[in-house]
Amino acid sequence: MDLSISSPFRGAFPAPTSTFILNPKSRCSHSLNFFKHQNSYSKNPFFSRQKIPIRAQVSDPAVDDGFVIDDVPHLTDFLPDLPSYPNPLQNSQAYAIVKQTFVRPEDVVAQKIVVQKDSSRGVHFRRAGPREKVYFKSEEVRACIVTCGGLCPGINTVIREIVCGLNYMYGVDDILGIQGGYRGFYSKNTSTLTPKVVNDIHKRGGTFLLTSRGGHDTQKIVDNIQDRGINQVYIIGGDGTQRGASRIYEEVEKRGLKVAVAGIPKTIDNDIAVIDKSFGFDTAVEEAQRAINAAHVEVESVENGIGIVKLMGRYSGFIAMFATLASRDVDCCLIPESPFYLEGKGGLFEFIEERLKENGHIVIVAAEGAGQEYLAQSMQGIDEKDASGNRLLLDVGLWLTQNIKDHFTKERKMAINMKYIDPTYMIRAIPSNASDNIYCTLLAQSAVHGAMAGYTGFTVGPVNSRHAYIPISNVTETQNTVKLTDRMWARLLASTNQPSFLNCDESTGGKVCKDTIDLINNMKITSI
């Protein structure tokens, strides 16, 4: 039986002795709407609307290649009689020459791209893009956009492209901007957004709509959405913001409202799970080079120069790692995922002294969340949190600077020149670069296509370079962190030639002992 499932693996495996499974982990997987919105149940009898995982009966039922669809909710899941309409894009001049205007209903994106011949095909997500049918008439749409949390390059580009996408592609004129984050729904006035109003905002950093942390009150927000007649909500923010978006969707579903809730994941730290990377990350890495280059110029111009650059990364060291790899001027990179120690053989002090003797200078990059265990022990930190519930971290840059200075001047009796640079707010406040601008455009348009097609409770992002609709729970249940057992971290260690600060077993050629590897693999980055 041909299941007619198009996937990146088609042709790589023997045809369709496969089993189709809807992921029971997803709260919306039981809806089994993979083909529903294309009226395909009659054509595909192996699908049903039972609230259990479905298996297709094939010629060899013993064969199971583990093909799983982790689907997103649709408005018709709780509004089954909702009418659909032809997509206006079919008459668009912009798409007139496009070979395939609409995404096929069976198109999915594989979460795991590297597989072996006999391995499971694993989890797949619904591919993002315009659908042949939409569930909103253009003149009936009242959309709103809100930005929450910290700043990040590219926010204004996403806002601009949501507005322009709704207007140019779907003819939507009624678009509201929610001022000041979640609390703006019930405590501030809204602004009217048009292509003319947002025309130049992508050239500026920050957020045109203002932002704030916290302030999420689901009942008040949904009351406001209902009172204002809003039926499409676009929410730009990090994992905490996306959890809030999920609660808004759940309340909307509970009330039976025809409101599509779409999330656009934002975090400069690149710690959003599932997606390839978050917008603004490329810009942050590029801008971090300026700070690293400045530190390098400073320390190589003096005797025994030690430069410390603190970069963003509360619990994930991606900016520090990629900036280090791109720079080639960094001698040591410290990230939250990799414990380090200062004193003793193989410690940071010993490494600094070796580099000073060898090169006369050293540049150290530290993510803001690195070494917080040491800081907590040596400094009396106050257990404070911001409005989003994030622990306020101690300044690892200043702590490192002081400890290194004390060690070399007081204990080693060495004259050193310390240079400390913290470019955090300079990096996150700049406009996005060309790469991120393009990426933000794709994110915004994917969100618009999804909402118009009736999907809700979803977030968008690239998975293996193909944009997909992902259940919000998938990107909020865990954080993306640097895996010390992967090759990318090994590439960094090879590039900087810094110590790994891990216990090695000399009997196995310097390999890290198994207990240490198990500890790293099971390590959870928490809000310490």
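The rules behind these values
Residues numbered from 1 in each chain as written. Predicted model: local features only at pLDDT ≥ 70, side-chain atom pairs only at ≥ 80, totals over all residues. Heavy atoms only, no water. UniProt positions renumbered as here; feature names shortened; annotations may be inferred. Helix = DSSP H or I, 4+ residues; strand = E, 2+ residues; numbered from the N terminus. Buried < 20%, exposed > 50% of the residue type's maximum accessible area, 1.4 Å probe, protein only. Axes fitted to C-alpha atoms, helices over the stretch in contact; angles between N-to-C directions. Parallel < 35°, antiparallel > 145°, perpendicular 65-115°, else oblique. Left-handed = near helix turned anticlockwise from the far one by under 90°. Contact = heavy atoms within 4.5 Å. Nonpolar A, V, L, I, M, F, W, Y, C, P; charged D, E, K, R; others polar. Pairing = 2+ DSSP bridges. Expected span 1.5 Å × (residues − 1). Salt bridge = Lys/Arg side-chain N within 4 Å of Asp/Glu carboxyl O.

Per an unreviewed UniProt entry, the protein goes by ATP-dependent 6-phosphofructokinase and derives from Gossypium barbadense. In UniProt, the protein has this text filed under Catalytic activity (unreviewed entry): "beta-D-fructose 6-phosphate + ATP = beta-D-fructose 1,6-bisphosphate + ADP + H(+)". Recorded in UniProt under Sequence similarities (unreviewed entry), the annotation for the protein is "Belongs to the phosphofructokinase type A (PFKA) family. PPi-dependent PFK group II subfamily. Atypical ATP-dependent clade 'X' sub-subfamily."

Participant: Would you mind showing me how to read the UniProt feature "binding site: Mg(2+)" (unreviewed entry) in the protein here?
Facilitator: On the UniProt side, "binding site: Mg(2+)" (unreviewed entry) is annotated at positions that read D239 here. Within the secondary structure layout, D239 lies in helix α4 (residues 239-255). The exposure class of D239 is partly exposed, given its relative accessible area of 22%.

Participant: Would you mind going over the packing of helix α5 (residues 281-300) against helix α6 (residues 318-327) with me for this structure?
Facilitator: The relative placement of two packed helices is expressed as an angle between their axes plus a distance between the axes. Packing of α5 against α6 brings their axes to within 9 Å, and their N-to-C directions diverge by 60 degrees. Accordingly, the angle class assigned to the pair α5 and α6 is oblique. At the point where α5 passes α6, the crossing takes the right-handed sense. Here F281, A284, V285, A288, Q289 and I292 of α5 lie close against α6, whose contacting residues are F318, I319, F322, A323, A326 and S327. The class makeup of the residues in the contact of α5 with α6 is ten nonpolar, two polar and no charged.

Participant: In this structure, what is going on with the pairing of strand β17 (residues 466-471)? I would like to understand it.
Facilitator: Here is the key point about a regular strand: its side chains alternate between the two faces of the sheet. By the criterion of burial, β17 is predominantly enclosed, with five of the six residues buried. Here two bridges tie strand β5 (residues 122-127) to β17, and the two strands are oriented antiparallel to one another. Note on β17: the bridge partner recorded for R127 is A468. The sheet contact formed by strand β16 (residues 458-463) and β17 spans six bridges and is antiparallel. Within β17, the residue paired with V460 across the bridge is Y469.

Participant: Before we go on, may I ask you to explain α4 in this structure?
Facilitator: Along an α-helix, residues three or four positions apart point the same way, because every turn accommodates 3.6 residues. Relative to the 24 Å expected for 17 residues at 1.5 Å per residue, α4 spans 24 Å between its end C-alpha atoms, a close match to the ideal helical length. Three or more residues of α4 are buried, namely T241, Q242, G244, A245, S246, I248, Y249, E251 and V252. Looking at the buried positions of α4, the neighbouring elements they touch are α3 (218-228), β10 (232-237), β11 (260-265), β16 and α12 (472-476). Backbone geometry just after α4 places G256 at a positive phi near 70 degrees.

Participant: How do you make sense of the pattern of salt bridges when you look at a structure like this?
Facilitator: Any two side chains of opposite charge can pair if their charged atoms end up close together. Going through the model one piece at a time under the given rule, you end up with 17 salt bridges. We note a salt bridge from R290 to E287, for which the minimum N-O separation is 2.9 Å. Taken together, the residues R290 and E287, both in helix α5 and three residues apart, mark about one turn of the helix. Judged by its relative accessible area of 56%, R290 is exposed. Looking at E287, the relative accessible area reads 16%, which means it is buried. A cluster of three or more residues bridged by salt bridges with shared partners is formed by D223, E251 and R255.

Participant: Whenever I open this one, the side chain of R160 confuses me. Can you help?
Facilitator: Secondary-structure assignment places R160 in helix α1 (residues 155-170). Exposure remark for R160: the relative accessible area of 18% places this residue in the buried category.

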